[in-house]
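# Examination of the molecular architecture
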Amino acid sequence: MRGENTVVGKQRALTFQEVFLTLSQFWQDRGCLIGQPYDVEKGAGTMNPMSFFRVIGPEPWRVAYVEPSRRPVDARYGENPNRFYQHHQFQVILKPSPDDVQELYLQSLAALGIDAKRHDIRFVEDNWEAPTLGAAGTGWEVWLDGMEISQFTYFQQVGGFEARPVSVEMTYGLERLTGYLQDKENLFDIIWVDDLTYGDVFKRAEYEHSAYSFEVADVKTLTTLYDLYEAEAKRTLEQGLILPAYDFVLKCSHTFNVLEARGAISVTERTGYLGRIRALARACAQAWLKRREEMGFPLIGKFRTAAAPTATPAATPAAAKAAPSVEGGKARA
Amino acid sequence: MPENTARRTLDGAVDFVLEVGTEEIPARFLPAAIEQLEARGRALFEESLLGAKDIVAYATPRRLVLLVAGVAQRQVDREADVKGPAKKAAFDAEGRPTKAAEGFAKSQGVDPADLVVKAVAGGEYVFAHKHVAGRAAEDVLGEALPKLITSLEWPKLMRWGDHDLRFVRPVKWLLALYRGTVVQFSLDGVTSGRTTLGHRFLHPEALSVATAADYLAVARVGQVIVDPAERRAQIIAQLRALATKAGGKAIEDPDLLTEVTHLVEYPTALIGRFAPEYLQLPADVLITSMKHHQRFFPVLDDQGRLAPLFITVRNGDDYALDVVRAGNEKVLRARLADAKFFYDDDLKRPLADRVAELDRVAFQERLGTMGDKTRRLEALTADILGLAHRPLVETVRRAAHLAKADLVTSMVKEFPELQGRMGQVYAEKSGEPAEVAVAVGEQYRPAFAGDEVPSTVAGKVLALADKVDTLAAAFGIGLVPTGSQDPYGLRRAAQGVVAILLAADFRLSLGQLIDRAFSHLGDLAAKAAEGRPALMDFLRARLTNAMAEAGLRYDVIEATLAAGFDDPARAFERARALASVRDEEAFADVVTAFTRAANLAGKTAAVRPVDPALFEHDAERRLLEAYESVAAEALVMENDGRYTAFLRELSKLRPAVDAFFDAVMVMVDDQRVRENRLNLLRSVSGLATRVADLSKLVAAPAAKA
């Protein structure tokens, strides 16, 4: 499968944007609302309020969206072909998790042109934990011919609450998945569309964000910002405004990530910083559950079309996607 | 994890099959799950009164399987006495059955007049005597199977969807057949049937199983090899064929084989290549990249060096195998490119330059940084050399200084399991003396049961310091392992301490070593030392294990350790000496004599020298003379470590001890005389306890008439 697009036989491989458009279409057809990236920096798609809050409590939910995920410690100045400051996740949440969710996932790979019979697709144990979100789940990383392309998690706990019903999260690493489909050794060479590569779009950004995270970020300013964001989150939450408060929690988390990449956080401080984020995230989660209860859990009974069985029993296997960063689908801070 | 790797086939025709179909179960859980399923299945069939000639459990990532041969069609009919209320509650004053008795009789379907009274433990009760008709196997099993499935224990359970059941992974289907009949039951909405699913990709369609005896053949049609031993054997055969064809030999790591066996339902091995330029990377880096991250088997060439080859096992057949190969090669290429990037980057700076960064790395919460740990290692290694009367060598000091520096290299951040190994490589490349590099590389040894201790003195000293520091620090903040919980690997560390001290060619006092380790804990030191007794007990337990593994009997170990284990190597020799003489017939009498002396000596009120002027019997004087003469010899032998000779020398005291007890009444009223005699016995028994507390020996069975 080198040199030409053997993965999809005679057809050319999908472009980067065709990959996430195909996935969007696929999950829309299975009753998901198609969300958009959330405009606050974050380390993983799970932290988008469309995931974090919606998996709490008894209301059903189905969503799919692309999420840029920023991980300053993974920044490599655009020099490493596989590691980025920012990569893109395609995030799917199905709540409750349908009984045929593995088959649905495999069908989504087939939609990308991945013929499971020609590949080796595995579900290899990988349990996910995001202590700062009070979240933990069981699941797998999905391997396509030895490459991790997705993270597949049944949430067991979120915001410190036991998850009932259980949501399933599927996180596709878009760069790695596309790189596989297009047979690119260097992910910057991925075709985004036509004659534009991923590198054309992001290479300079990778360099600048790397230089900022490792060399330029002003520790004093960021430390002050962290404190300000935290205080604002608390104050806002006290006013009963959960979502604005949560925005400031996300800002705390990203600020912490930059400080960590900058080498500005000592061992003893680290535990403290993380503990403060965790406390805020949990407080938001608790307030959210209470608020939804007061509102009478308004989404109960929705997503009825989606709840109908969608999958045919026979799965078409396929695989694809890699979380470009070491921890595909895992939230940082 | 123990795993029965021999293939097991059922003795007799298959009468019953249970298959629990699931989403992919973690490979590491399956070996224990198979054992559990088989053991609990066996218990179920025993209790069910259906009998079972033979039972075997199998598993794949997607199914748990129990096969049983020789199952009766029905339980045998039997007579049973069912216990009811107590007699006094069952009959009124006139001896008529009460409401309680009538209710019980009704519930059992017998006439109240037929209730009988029987005395059992706890008093007299009424019993209903009844004939119990045996039930059909399907009915009995249908009731028992849900409990069997949910009784399995897993390291981690989960829920899914809006189901209530907690299981290792979602349950997708249940197949249960007694011969040709479906055993009906359901589990959280899944109903049993005769349908199984084949391999996820090779045979996604459902398959119907006519009878239990057909199950394995049908699974095979579905391209599922249910028996893990068969999959393992196939994998090994394929590995060998591929490696041989390539002129090499695969490294057949048994743990990796077990894991891979449980990652596939239908194994097909394939060989792939990587660019020979990567062979410049340290072998451990290549092996870790292949094994731990990709579950690839590395291949050695005919010289025993790593070849630019790997073997991986696909979960499927050989269709489009080239696509799978190319994909795996690509993944490994990216991993090795990363590793090479880390390696080259790490080599840009000498290892010593990184030591300062250790102040930013946590050792353990509440226990400071790796920088703190490094400074403690520098101090403690110097202490060890002092305690062992060895000159302070620059090698040890330098090795301690550099020991943890590799933790802040890119390579070890990426591959934590390479700690120590990378330190050695980078120390060498930084121009450190070879013996410093080797000591750094050996500091984590022994890293697992059966691993070797460090080969060099510097390595032993550093490894000892590292482990003792970890133990002192952990016990100092109360992190004492309980049960199977040992998140900080303290048992392994303590085993390492014992193993190193037993193998070392230097001697030192364990107690003093521990004291020094506590003294370096800074602010924690005073409080931490409260953990000392627990730590000494913990080390004693590891020494006991080491001795037991060497084949020493438990009472010999107890007798030896009761006499002290401050020098574990000497304690081991004392135990061996005791073991060598303890079964000699004559020695049993020696033990009796000394035990008697020791028992009485324990009553001594005040320890003071024996005063011959207080002797009233010749036997007292003769015992003192015998003691002084034996002690003079024995102490030299003890000093020389000749413990067998020491114990034989002791036996010379026995006639004098026996004569003493024959002639002398110890516990007389005259306090001075009594105390003098007790002190004489204390001296005698105290001589023995320099080697062992003989009173802890269990009398040898009277083998000879």
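Keep in mind it's a predicted model, so treat the numbers as computed, not measured.

So, on to the overall build of chain B. Within chain B one finds 26 helices and 16 strands. Relative to the compact-globule value of 27 Å for 705 residues, chain B shows a C-alpha radius of gyration of 35 Å, a clear excess of over 25%. Over its C-alpha atoms, taken along the principal directions, chain B stretches across nearly 100 × 95 × 50 Å. At a minimum sequence separation of 6, the contacts of chain B that also span at least 24 residues come to 69%. Averaging the locations of the 91 positively and 99 negatively charged side chains of chain B gives two centres separated by 1 Å.

A few words on the overall build of chain A. When its secondary structure is counted, chain A shows nine helices and eleven strands. A burial count over chain A gives 60% of its 333 residues as buried. Counting only contacts in chain A whose residues sit at least 6 apart along the sequence, the fraction spanning at least 24 positions is 72%. Just so you have it, chain A exposes about 12,400 Å², and 52% of that area is on carbon and sulfur atoms.

Residues and elements named next belong to chain B. Here helix α14 (residues 434–442) crosses helix α15 (residues 457–476) at 40°, and the two axes come no closer than 8 Å. In terms of their interaxial angle, α14 and α15 are classed as oblique. Crossing hand, α14 versus α15: right-handed. Packed against α14, whose contacting residues are Ala439, Val440 and Glu442, the element α15 presents Ala458, Gly459, Leu462 and Ala463 at the interface. Looking at the contact of α14 with α15, its residues break down into five nonpolar, one polar and one charged.

On to the sheet that holds strand β13 (residues 249–250) of chain B. All names here are of chain B. Read across the sheet, four strands follow the order β13-β15-β16-β14 without closing on themselves; strand pairing throughout is antiparallel. The outermost strands of the open sheet, each flanked by one partner alone, are β13 and β14 (267–273). Pairing between β13 and strand β15 (residues 297–300): two bridges, direction antiparallel. Within β15, the residue paired with lysine 249 across the bridge is leucine 300. Across the face of the sheet, helix α8 (residues 283–294) comes into contact with β15 and β16 (306–315) while running at roughly 10° to β16.

A separate point is unusual backbone geometry. Here the bond from A:Arg164 into A:Pro165 is cis, since omega is -5°, no more than 30 degrees from zero. Positionally, A:Pro165 belongs in the loop between β8 (161–162) and β9 (168–173). With an omega of -10°, the peptide bond between B:Arg445 and B:Pro446 qualifies as cis. Along the chain, the position of B:Pro446 falls in the loop between α14 and α15. In this structure, A:Asp183 is a non-glycine residue whose phi angle is positive, near 55°.

Moving on, we come to the interface of chain B and chain A. Tallying the contact residues gives 49 residues for chain B and 53 residues for chain A. Each partner contributes to the roughly 4,400 Å² buried at the junction of chain B and chain A, and carbon and sulfur atoms together form 47% of this total. Between chain B and chain A we count nine salt bridges in total. The salt bridge partner of A:Arg83 is B:Asp338, with a shortest N-O separation of 3.3 Å. Our enumeration of links across chain B and chain A arrives at 28 residue pairs in polar contact (both at pLDDT 80 or more). Those elements that provide at least two residues to the side of chain B that touches chain A are α8, β16 and α9 (321–346) of chain B. In terms of residues, the side of chain B that touches chain A owes the most to one element, α9(B), which gives twelve residues. Of the residues that constitute the side of chain B that touches chain A, the class distribution is 21 nonpolar, eight polar and 20 charged.

Turning to the side chain of A:Glu67, a few remarks are in order. Residues and elements named next belong to chain A. Within the element layout of this structure, glutamate 67 appears in strand β2 (residues 61–70). For glutamate 67, a relative accessible area of 0% gives the class buried. A distance of 3.4 Å separates a polar atom in the side chain of glutamate 67 from the backbone nitrogen of tyrosine 38. If we skip the residues at most four places from it in the chain, glutamate 67 touches Pro37, Tyr38, Lys42, Ala44, Gly45, Asn48, His87, His88 and Gln89.

This part is about the domain arrangement of chain B. According to the domain assignment, chain B contains domain 1 (14–73 + 137–221), domain 2 (78–132), domain 3 (228–346), domain 4 (367–549) and domain 5 (560–696). Between the C-alpha centres of domain 2 of chain B and domain 3 of chain B there is a distance of 71 Å.

Here we come to the pairing of strand β4 (residues 121–125) of chain A. Residue and element names in this part refer to chain A. Counting buried positions along β4 gives five out of five residues, so the element sits mostly inside the fold. Burial along β4 is two-sided: the face carrying Ile121, Phe123 and Glu125 and the face carrying Arg122 and Val124 are both buried. Pairing between β4 and strand β6 (residues 135–144): five bridges, direction antiparallel. Of the residues in β6, the one forming a bridge with isoleucine 121 is leucine 144.

The end-to-end C-alpha distance of α15(B) is 28 Å, a good match for the 28 Å that 20 residues give at a rise of 1.5 Å each. Of all 20 residues in α15(B), 19 are buried; the element is thus mostly enclosed.

Right, let's get into the packing of aromatic side chains. Inspection of every chain in the model, using the stated rule, returns 38 aromatic pairs over all chains. Ring centres 5.3 Å apart and planes at 70° place the aromatic pair A:Phe123 and A:Trp140 in the edge-to-face group. You can see A:Phe123 sitting in strand β4 and its partner A:Trp140 sitting in strand β6, a full 17 residues away along the chain. For the pair formed by A:Phe123 and A:Trp140, the shared burial category is buried. Above the face of the B:Phe127 ring, B:Lys118 is positioned so that its terminal group lies 5.1 Å from the ring centre.

Moving on: the sheet that holds strand β4 (residues 78–86) of chain B. Residue and element names in this part refer to chain B. Strand order in the open sheet formed by three strands is β4-β6-β5, and the pairing between neighbours is antiparallel. Unpaired on one side and paired on the other, β4 and β5 (116–120) mark the two borders of the sheet. Within this sheet the neighbouring strands show an average axis-to-axis angle of 45°, counted without direction. The pairing of β5 with strand β6 (residues 123–132) spans five bridges and is classified as antiparallel.

Further remarks concern the state of the cysteines. Residues and elements named next belong to chain A. Going through the model one piece at a time under the given rule, you end up with zero disulfides over all chains. Its sulfur unpaired, cysteine 252 is 10 Å from the next cysteine sulfur, which belongs to cysteine 284. Residue class for cysteine 252 comes out buried when judged on its relative accessible area of 1%.

A complete count under the given rule lists 75 salt bridges over all chains for this structure. Note that A:Glu18 and A:Arg12 form a salt bridge whose closest N and O atoms lie 2.7 Å from each other. Look at A:Glu18 and you get partly exposed, because its relative accessible area is 23%. A salt bridge links B:Arg654 to B:Asp658; its shortest N-O distance comes to 2.8 Å. Residue B:Arg654 and its partner B:Asp658 are both found in helix α25 (residues 654–663); the two are separated by four residues, about one turn of the helix. Each of A:Glu103, B:Glu23, B:Glu24, B:Lys172 and B:Arg200 takes part in salt bridges that share partners, so that together they form one network.

What follows is about helix α23 (residues 618–640) of chain B. All names here are of chain B. For α23, spanning 23 residues, the distance from its first C-alpha to its last is 33 Å, which sits close to the expected 33 Å at 1.5 Å a residue. At alanine 631, α23 shows its largest bend, some 25°. For α23, the full list of buried residues reads Ala619, Glu620, Leu623, Leu624, Tyr627, Val630, Ala631, Ala634, Met637 and Glu638. Elements that come into contact with the buried residues of α23 comprise α21 (568–582), α24 (643–651), α25 and α26 (671–688). Immediately downstream of α23, the backbone of glycine 641 shows phi near 80°, a positive value.

Quick look at the confidence of the model for chain A now. On average, chain A scores 88 in pLDDT, and the residues at 70 or more come to 88%. Here residues 1–10 of chain A is a poorly scored stretch, pLDDT under 50, and it has 24 contacts once near neighbours within four places are set aside; other chains count.

Rules behind the numbers
- Residues numbered from 1 in each chain as written.
- Chains lettered and ligands numbered in written order.
- Predicted model: local features only at pLDDT ≥ 70, side-chain atom pairs only at ≥ 80, totals over all residues.
- Heavy atoms only, no water.
- Helix = DSSP H or I, 4+ residues; strand = E, 2+ residues; numbered from the N terminus.
- Rg over C-alpha atoms; globule rule 2.2 N^0.38 Å.
- Contact = heavy atoms within 4.5 Å.
- Lys, Arg positive; Asp, Glu negative; His and termini not counted.
- Charge placed at Lys NZ, Arg CZ, Asp CG, Glu CD.
- Buried < 20%, exposed > 50% of the residue type's maximum accessible area, 1.4 Å probe, protein only.
- Areas by Shrake-Rupley, 256 points an atom, 1.4 Å probe, with all protein chains shown as cover.
- Axes fitted to C-alpha atoms, helices over the stretch in contact; angles between N-to-C directions.
- Parallel < 35°, antiparallel > 145°, perpendicular 65-115°, else oblique.
- Left-handed = near helix turned anticlockwise from the far one by under 90°.
- Nonpolar A, V, L, I, M, F, W, Y, C, P; charged D, E, K, R; others polar.
- Pairing = 2+ DSSP bridges.
- Buried area = accessible area lost by both parts, 1.4 Å probe.
- Salt bridge = Lys/Arg side-chain N within 4 Å of Asp/Glu carboxyl O.
- Polar contact = N/O pair within 3.5 Å; in protein donor to acceptor, adjacent residues only side chain to side chain.
- Domains from an automatic or database assignment.
- Expected span 1.5 Å × (residues − 1).
- Phe/Tyr/Trp six-rings, centres within 6.5 Å; stacked < 30°, edge-to-face > 60°.
- Lys NZ or Arg CZ within 6 Å of the ring centre and 35° of its normal.
- Disulfide = S-S within 2.5 Å.
- Bend = angle between axes of the 7 residues up to and from the residue.
- pLDDT = per-residue confidence, 0-100.

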